[in-house]
Amino acid sequence: MSTENTLLKNVKTVPTILLSNAFSMPMIGLGTWRLNRNPTDVIYDAIDVGYRHFDCAHIYRNEPEIGKAFKDLLQKDVIKREDIFVTSKLWNTFHEPSLVRKACETTLKNLCIEYLDNYLIHWPMAYKEGDELYPKDENNRFIASPVDYVDTWKAMEPLVDEGLCRTIGLSNFNMEQIERILKVARIPPSNLQIECHPYLNQTNLMEFCRSHNMVVTAYSPLGSPTSPYKKPGKYPILQNPKVLEISDKYKKSPAQVLIRYQIDRGNVVIPRSASKDHMRENFSLWDFTLKAEDIQALNELCFHGRYMIMVDAQNHPHHPFADELS
């Protein structure tokens, strides 16, 4: 374990951003999708490095293991509940309003905590309700549910009223879909989580979110090298010549440059890593900032190259990227 002084220094160094409900969100967190190591051990290591923001989801199927670490660390007073910021997400098969609260309670039980700091609708597409999390037809296409995500949102709002969630938001929604939510929302979304990196810089969506007081969280900031989908671009982002050039300029790793790129644009960022060495590298960002011309150079790499396309659901009426797949 790190020394207490080093640990406190790491934690205190992390900047936060204020959400619309006045809660603060650390600007770097740990993504927990597709961890290739025991998630309990990953959380122990992440806490030791200094991470206090954890991005989880029911569909990642590792919340019980993550919860085991939280429970142990809380019981041993290594951390206090108010020291960590925990996000989770409502999966597509639980969009039916009558299922929303139960899904949230299941996540809380699995994570061994009494409330979520942030709860997001994971995707706008509702899937057929039932035990199967990936319901598919004979053509390997997801089976849609007729539930409208607007009605799902209305079922999310009472979770805030009842103290189960401090903040609610969206993930993988496009502008038109967000606008539909905003028109009916009693509690507006505070956060939008989206894929974001130089190949998909999301500048327009970022500006839209800022105009509606929504914080953007960038997932796959390193280009999602382990995602199961086709990789766009001539080079993996981490090997792009421009990224390498900027990396050399600052004497930082390509990963550090790409993570700092998000923070310097005002986005929260959640790189995923199961390696403690990589976690430490990804977290060591606070002794440099990117110059405006380097941010612009990275922005110019954009060709709307998306990794997380959910192609098997492209016929769903609420698919957020259907226009890109047609």
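Bear in mind that the values here come from a model prediction, so they are computed numbers and not experimental data. (Residues numbered from 1 in each chain as written. Predicted model: local features only at pLDDT ≥ 70, side-chain atom pairs only at ≥ 80, totals over all residues. Heavy atoms only, no water.)

1. Overview of the side chain of Asn92
Considering the arrangement of structural elements, one finds Asn92 in the loop between β5 (85–90) and α4 (97–111). Of the residues examined, Asn92 reaches a relative accessible area of 0% and is grouped as buried. From its side chain, Asn92 meets the backbone oxygen of Met125 in a polar contact 3.4 Å long. When residues no more than four places from it in sequence are discounted, the contact partners of Asn92 are His122, Trp123, Met125, Ala126, Tyr127 and Met310. (Helix = DSSP H or I, 4+ residues; strand = E, 2+ residues; numbered from the N terminus. Buried < 20%, exposed > 50% of the residue type's maximum accessible area, 1.4 Å probe, protein only. Polar contact = N/O pair within 3.5 Å; in protein donor to acceptor, adjacent residues only side chain to side chain. Contact = heavy atoms within 4.5 Å.)

2. Some remarks on the pairing of strand β6 (residues 118–121)
Side chains of β6 alternate between two faces, with Asn118 and Leu120 and Tyr119 and Ile121 buried alike. Where β5 lies against β6, four bridges are found, and the strand directions are parallel. By the bridge assignment, Thr87 is partnered in β6 with Asn118. For the handedness criterion, the β-α-β arrangement of β5, α4 and β6 is classed as right-handed. When β6 meets strand β7 (residues 168–171), the two strands line up parallel, connected through three bridges. In the sheet register, Leu120 faces β7, and the bridge partner there is Gly169. Between β6 and its parallel partner β7, the chain crosses via helix α5 (residues 149–161), and the hand of that crossover is right-handed. (Pairing = 2+ DSSP bridges. Right-handed = clockwise from strand over helix to strand, strands pointing away.)

3. Quick notes on the sheet that holds β6
On the basis of which strands lie adjacent, the open sheet formed by eight strands has the order β3-β4-β5-β6-β7-β8-β9-β10 and parallel pairing. Strands with a single pairing partner mark the edges of an open sheet, and in this sheet they are β3 (30–31) and β10 (268–269). Strand contacts of α4: β5 and β6, with the helix running at about 140 degrees to β5, the strand carrying the most contacts. (Axes fitted to C-alpha atoms, helices over the stretch in contact; angles between N-to-C directions.)

4. Examining the environment of Ile237
The topology assignment puts Ile237 in the loop between β9 (215–219) and α8 (241–250). In this structure the C-alpha to C-alpha distance between Ile237 and Thr40, which are 197 residues apart in sequence, comes to 29 Å. The contact partners of Ile237, leaving out residues within four places of it in the chain, are His197, Pro198, Tyr199, Leu222, Gly223, Val243, Leu258 and Tyr307.

5. Focus on the packing of aromatic side chains
Counted under the stated rule, the structure contains eleven aromatic pairs. Residues Phe54 and Phe70 carry aromatic rings whose centres are separated by 5.5 Å and whose planes lie at 65 degrees to one another, so their mutual orientation is edge-to-face. Remark: Phe70 occurs in helix α3 (residues 63–75) and Phe54 occurs in strand β4 (residues 53–55); sequence separation between them is 16 residues. One exposure class covers both Phe54 and Phe70, and it is buried. Arranged with centres 5.3 Å apart and planes meeting at 80 degrees, the rings of Tyr149 and Phe173 form a pair that is edge-to-face. Of this pair, Tyr149 sits in helix α5 while Phe173 sits in the loop between β7 and α6 (175–184); the two residues are 24 residues apart in sequence, bridging distant segments of the chain. Judged by relative accessible area, which is 2%, Tyr149 ranks as buried. (Phe/Tyr/Trp six-rings, centres within 6.5 Å; stacked < 30°, edge-to-face > 60°.)

6. Here we look at the side chain of Gln262
Along the chain, the position of Gln262 falls in helix α9 (residues 254–264). On the basis of relative accessible area, Gln262 is assigned to the buried category, the value being 0%. Each residue touching Gln262, except ones within four places of it in the same chain, is listed here: Cys196, His197, Ala218, Pro221, Asn267 and Val269.

7. Looking at the pairing of strand β8 (residues 191–195)
The buried count for β8 comes to five of five residues, which makes it a mostly enclosed element. In β8, alternate side chains face the same way, and those of Asn191, Gln193 and Glu195 on one face and Leu192 and Ile194 on the other are all buried. Note: β7 against β8, two bridges, orientation parallel. Counterpart to Ser171 in the pairing with β8 is Gln193. Taken together, β7, α6 and β8 form a β-α-β motif whose crossover is right-handed. One ladder, built from five bridges, connects β8 with β9; its direction is parallel. Counterpart to Leu192 in the pairing with β9 is Val216. With helix α7 (residues 203–211) bridging β8 and the parallel β9, this β-α-β connection has right-handed handedness.

8. Some thoughts on the UniProt feature "active site" (unreviewed entry) in the protein
In the numbering used here, UniProt assigns the "active site" (unreviewed entry) feature to Tyr60. Along the chain, the position of Tyr60 falls in the loop between β4 and α3. For Tyr60, the contacting residues outside a window of four places in its chain are Thr32, Trp33, Asp55, Lys89 and His122. (UniProt positions renumbered as here; feature names shortened; annotations may be inferred.)

9. Quick look at unusual backbone geometry
Even without a glycine there, the phi angle at Ala22 is positive, about 80 degrees. In this fold, Ala22 is placed in the loop between β1 (16–18) and β2 (24–26).

10. What about helix α10 (residues 276–283)?
Inspection of α10 places Met279, Asn282 and Phe283 among the buried residues, and these make up the whole buried set. End-on, the buried residues of α10 take up no more than an arc of 95 degrees, which puts them together on one face. (Arc of directions from axis to C-beta.)

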